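Working through the structure, step by step
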Amino acid sequence: MVTTAGEGGRRGDRANMDYASYKDALLRKRGEILSTGGGVKPLPATIEVNSRQGDLADQASGNNEVHIQLKLKKTDAKILQAIEEALYRMEKGTYGICRDCGEEIAPARLNAIPWTRVCITCKEKQNS
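Our subject in this report is the structure included herewith. (Residues numbered from 1 in each chain as written. Predicted model: local features only at pLDDT ≥ 70, side-chain atom pairs only at ≥ 80, totals over all residues. Heavy atoms only, no water.)

1. Side note on the overall build of the protein chain
Summing up its helical and strand segments, the protein chain has 5 helices and 0 strands in all. Listing every helix and strand of the protein chain by position from the N terminus yields α-α-α-α-α. Counting the 128 residues in the protein chain, one finds 28% classified as buried. A fraction of 62% describes how many contacts in the protein chain between residues 6 or more apart in sequence connect residues 24 or more apart. (Helix = DSSP H or I, 4+ residues; strand = E, 2+ residues; numbered from the N terminus. Buried < 20%, exposed > 50% of the residue type's maximum accessible area, 1.4 Å probe, protein only. Contact = heavy atoms within 4.5 Å.)

See the structure below:
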């Protein structure tokens, strides 16, 4: 298990960072997503048949549900990829370092989103 920033990395608070709890959180979230089939119900096999039945409101509602389920699957896929990348960064010794500015990511942010790639300052810049 990695317990420091790695060779040539920063040592500050990272030397005391509790990688085990972050790794547990990452593995738990990955297991959650995988065990629920991506976190959403499978798409109904009768979408085409249902779209021909009912009034326009029923059809719109059914189409909206399918759209939401597809968006959720896409979001879960992105989170799974970010989790795998975070686990890889742990192995490399770069976990907890912002991808954009190179500064340490605050433990509070890592506790909230252990798969994050960027610090809160860089995230806010991305969103503005």
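2. Regarding the environment of Glu-85
Structurally, Glu-85 is set in helix α3 (residues 56-92). For Glu-85, a relative accessible area of 27% gives the class partly exposed. Taking C-alpha positions, Glu-85 is 7.7 Å from Trp-115, a pair spaced 30 residues apart along the chain. Among the polar contacts listed, one links the side chain of Glu-85 to the side chain of Arg-117, at a separation of 2.7 Å. (Polar contact = N/O pair within 3.5 Å; in protein donor to acceptor, adjacent residues only side chain to side chain.)

3. Concerning the packing of aromatic side chains
Evaluated as defined, the whole model comprises 2 aromatic pairs. When the ring of Tyr-19 is compared with that of Tyr-95, the centres are 5.9 Å apart and the planes differ by 55°; the resulting orientation is tilted. Separated by 76 residues along the polypeptide, Tyr-19 in helix α1 (residues 19-35) and Tyr-95 in the loop between α3 and α4 (107-112) bring together distant segments of the chain. With centroids separated by 5.7 Å and ring planes inclined at 50°, the aromatic side chains of Tyr-22 and Tyr-95 adopt a geometry described as tilted. Residue Tyr-22 is located in helix α1, and its partner Tyr-95 is located in the loop between α3 and α4; the two are separated by 73 residues in the primary sequence. The structure contains a cluster of three or more aromatic residues connected by ring pairs, namely Tyr-19, Tyr-22 and Tyr-95. (Phe/Tyr/Trp six-rings, centres within 6.5 Å; stacked < 30°, edge-to-face > 60°.)

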